[in-house]
Amino acid sequence: MKHPHKLCLIGLILITNIFAIEKLYISEIKFTGNSFIQDYELQSIIKLQPPKLFFRSEFSPKKLNRDKISLESYYKSNGFLNIEITEKYESISNNHIDVHFYINEGIQFKLKEISFFGNKLFTHDDLIDILNFSPNENFNPSKIRKQLKVLKRKYLIKGKIDVSIMDEIKIDNNNAIARINIFEGTSYFINNIYVSGLNSVKEKYVLREVLFATEKIYNIDDIDESKRRIFDSGLFSSVDIINKLVDKENGVVDIEIKVREYKSSSIEANFSFTELSAYQENLKTTGVDAQARWVLGNIFNTTSNIEFTGRIASSINLDIFLNKPLIERDFTAIYRTPWTLYFRIPTQIKYFHNEESEEYEFKSDGLTYSLKFDQMNDTRYEFNSTFEIIQSNDSLYTEEPKEPARWMNFIYLSNKIKNPLNPAAGQYLSFISTLYGTFLGGDRNFVKFEGEFRKYIKIGVNNILALRVLAGYINNLETDNDLPKVYKFQLGGQTSLRGWAFADKFDSRGSLISDMINFEYRFPIKNKFGGELFIDAGRLYETIDAITNTSISWDYGVGAIYQTALGPIRIDIGFPYGELSKSQLHASLLYMF
């Protein structure tokens, strides 16, 4: 077959057209009657879109009505309180629709003046800054209501539990005049703090999570954060913090913390698609994973827990028909506590036993001590220190029957990806720096830096543009002793450069420096079927000086996706640039990133 890549592209286009013909698609969208807001701005508000390259917006009356409501809300937020919109659609062929929005904008109202009455704690200028208002801005009632909630919270931070805020709006021609009436009330101080609902848990495990104190002014931020911290301790199924009025005239309240205990012990079994990687290698493969987990919570009625996990996993790809697949068997025992001494720094101590078998046998046993800082739900800082004993019959891993390895690393991870199995939006950023050996001991002495960035952009309704950038650098502290290949960076295969079958086909030696970029355009075809177009580019080199004269290797190709309950199943065909006759087929699980 001389041109397999052309046949794949033609086949993918034919399948797309055959499956798509049953649905209705947008041909054109028109706006009539709009003068203050331009077409392109209105187009950015609605979900229905005119056809673009690789994208056609699917039509339904429900989506059209939703877009009408979105347009009305947008107009009202810009001061057009009397907006009227009529939507119509017309079929111009068997599966193509023209949509027309007829708009009567009406008068645009401006916020001419805003005044405050009853404010003492905050000045007029302070309130204007808090509410984020400016003279003669477009009158937006929903913004006023939203910002008044912000203002009320500012008062609650200052202990004003009884604060009451009311707005009065007067319309004069096309001008709106707002009057904000504020009853501040008394500033309250905390008298006593009580904990109720405890049976076996000691009170100190609740009180140490509390950020407020007796004789301090009431602060709603401290109350809410304390509630979150108590719940996150894992000891309680529910947490509620209640104010109890003691003396209104003098501004005194008691705080009751109501909790409901529960035992967080559990036994679980999971089966899933997962990513696998051999010991220390940067390249991953995909496979199936089965694990059983037993969690013993609230050890000795404290916030600590112990988790035992047994796991077995196997790689799934086309190589399993030619070679022995990668098999992983793990056992871990993990002790966790949310406190380190007197500081709220989550600590974890993990014992692990790992076995791998492929064309070799590999075993490792070790201990890892970890400190974890969760700045937000999607951002984490982590410090790990590991001591490990390695056994292998492969000289790439050990030069002795039992080789000790010691390292410590720092990890920064920010994960804002929406729907990890099928990423639709968001981004991911990670940085890992690892020190091996030196003062820690062990037979390897080097420093390793790894960075990864991913970005997902939604185009239209269901199309996704995905980008990944990877970079890595190793500083070998023993220049007279080369590192084994397993510690080095490698490229090639189903999760990196798909124009090559696997890493040894690209470069069998590995390298100290690596950079790679992947682009994917993912689109639905029909039901659970989808497709993708991709470009991969990357290179390996040994020194920083070679960054300007090392050529980039790249490939491009197409893929077919089938969605399952466990995640996508993927078949890709990649073509190395300049070598189109050497196409490479890959079958794997999950998206590449």
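A quick note: this is a predicted structure, and the numbers were derived from the prediction, not measured.

Caption draft 1: Representation of the overall build of the chain within the structure. Secondary structure assignment for the chain yields eight helices and 26 strands. Each of the three principal axes of the chain carries a C-alpha extent, and together these read 80 × 70 × 50 Å. A burial count over the chain gives 44% of its 593 residues as buried. Residue pairs at least 24 apart in sequence account for 56% of intrachain contacts in the chain once pairs closer than 6 positions are excluded. Total accessible area computed for the chain in this model is approximately 31200 Å², and 55% of it derives from carbon and sulfur atoms. With 71 positive and 75 negative side-chain charges, the chain shows a separation of 5 Å between the mean positions of the two kinds.

Caption draft 2: Up close: the packing of helix α5 (residues 141-157) against helix α7 (residues 220-232). Axis separation between α5 and α7 bottoms out at 7 Å; the angle between their running directions is 90 degrees. Considering their axes alone, α5 and α7 lie roughly perpendicular with respect to each other. Contact residues: Arg-153, Leu-156 and Ile-157 in α5; Ile-220, Asp-221 and Asp-224 in α7. Residue composition of the contact of α5 with α7, by class: three nonpolar, no polar and three charged.

Caption draft 3: Region of the structure containing the pairing of strand β24 (residues 553-564). Two elements, strand β23 (residues 529-541) and β24, share ten bridges in a ladder whose sense is antiparallel. The partner of Gly-538 across the bridge, within β24, is Ser-553. Where β24 meets strand β25 (residues 567-576), ten bridges bridge the pair, whose relative direction is antiparallel. Bridge assignment links Tyr-556 to a residue of β25, and that residue is Phe-575.

Caption draft 4: Structural view of the packing of helix α4 (residues 124-131) against α5. At a minimum axis separation of 9 Å, α4 and α5 run at an interaxial angle of 120 degrees. Relative to α5, α4 is oriented oblique. Note on packing geometry: the crossing formed by α4 with α5 is right-handed. Residue-level inspection shows Leu-127, Ile-130 and Leu-131 of α4 in contact with α5, the latter providing Lys-143, Gln-147, Leu-148, Val-150, Leu-151, Lys-154 and Tyr-155. By residue class, the composition of the contact of α4 with α5 is seven nonpolar, one polar and two charged.

Caption draft 5: Looking closely at the packing of aromatic side chains. The final tally for this structure, using the stated rule, is 21 aromatic pairs. Consider the rings of Phe-431 and Phe-449, whose centres lie 6.4 Å apart with planes at 25 degrees: the pair is stacked. A residue pair is termed long-range when its members are at least 10 positions apart, and Phe-431 in strand β19 (residues 426-436) and Phe-449 in strand β20 (residues 446-459) qualify at 18 residues. By relative accessible area, Phe-449 is classed as partly exposed at 31%. A ring pair is formed by Trp-554 and Tyr-577, whose centres lie 4.4 Å apart and whose planes are at 20 degrees; its orientation type is stacked. One end of the pair, Trp-554, is in strand β24; the other, Tyr-577, is in the loop between β25 and β26 (584-589), and 23 residues separate them in sequence. Classification of Trp-554 by relative accessible area gives partly exposed; the value is 29%. Accessibility expressed as a relative area gives 53% for Tyr-577, which makes it exposed. Ring-pair connections join several aromatic residues into one group, and the members of that group are Trp-407, Tyr-436, Phe-446 and Tyr-487. The ring of Phe-489 carries the charged tip of Lys-448 above its face, separated from the ring centre by 5.1 Å.

Caption draft 6: Structural detail: the confidence of the model for the chain. The share of residues in the chain with pLDDT of 70 or more is 91%, and the mean pLDDT across the chain is 87. Low confidence marks residues 12-21, where pLDDT is under 50. Its contacts with residues over four positions away, or in another chain, come to 14 contacts.

Caption draft 7: Representation of α7 within the structure. Between the first and last C-alpha of α7 there are 18 Å, a value that for 13 residues agrees with the 18 Å anticipated at 1.5 Å per step. For α7, the set of buried residues is Ile-220, Ile-223, Ser-226, Arg-229 and Ile-230. In the core, the buried residues of α7 are packed alongside α5, α6 (204-207), β9 (236-247) and β10 (252-261). Capping the start of α7 is the job of one residue whose side-chain oxygen sits 2.8 Å from the backbone nitrogen of Asp-221: Asn-219. Following α7 by one or two positions, Gly-234 has its phi on the positive side, about 85 degrees.

Caption draft 8: Examining the side chain of Ser-233 more closely. Relative to the assigned elements, Ser-233 resides in the loop between α7 and β9. A residue is classified by how much of its surface remains accessible, and Ser-233, at 6% relative accessible area, is buried. A distance of 2.5 Å separates a polar side-chain atom of Ser-233 from the backbone oxygen of Ile-230.

Caption draft 9: Representation of the sheet that holds strand β1 (residues 25-32) in the model. The three strands are arranged β1-β3-β2 in an open sheet whose pairing can be described as mixed. Here the strands that pair on one side only, and so sit at the sheet edges, are β1 and β2 (84-91). Strand-to-strand twist of the sheet, defined as the mean angle between neighbouring strand axes without regard to direction, takes the value 20 degrees. For β2 and strand β3 (residues 96-104), the ladder comprises eight bridges, and the chain directions are antiparallel. Each bridged residue has a counterpart across the sheet, and for Ile-85 the counterpart in β3 is Ile-103.

Caption draft 10: Summary view of the environment of Leu-64. Within the fold, Leu-64 resides in helix α3 (residues 61-77). C-alpha separation for the pair Leu-64 and Phe-116, spaced 52 residues apart in sequence, amounts to 42 Å. Once residues lying within four places of it in the same chain are set aside, the contact partners of Leu-64 are Leu-48, Phe-59, Glu-87, Tyr-89, Val-99 and Phe-101.

Basis of the calculations
Residues numbered from 1 in each chain as written. Predicted model: local features only at pLDDT ≥ 70, side-chain atom pairs only at ≥ 80, totals over all residues. Heavy atoms only, no water. Helix = DSSP H or I, 4+ residues; strand = E, 2+ residues; numbered from the N terminus. Buried < 20%, exposed > 50% of the residue type's maximum accessible area, 1.4 Å probe, protein only. Contact = heavy atoms within 4.5 Å. Areas by Shrake-Rupley, 256 points an atom, 1.4 Å probe, with all protein chains shown as cover. Lys, Arg positive; Asp, Glu negative; His and termini not counted. Charge placed at Lys NZ, Arg CZ, Asp CG, Glu CD. Axes fitted to C-alpha atoms, helices over the stretch in contact; angles between N-to-C directions. Parallel < 35°, antiparallel > 145°, perpendicular 65-115°, else oblique. Nonpolar A, V, L, I, M, F, W, Y, C, P; charged D, E, K, R; others polar. Pairing = 2+ DSSP bridges. Left-handed = near helix turned anticlockwise from the far one by under 90°. Phe/Tyr/Trp six-rings, centres within 6.5 Å; stacked < 30°, edge-to-face > 60°. Lys NZ or Arg CZ within 6 Å of the ring centre and 35° of its normal. pLDDT = per-residue confidence, 0-100. Expected span 1.5 Å × (residues − 1). Polar contact = N/O pair within 3.5 Å; in protein donor to acceptor, adjacent residues only side chain to side chain.

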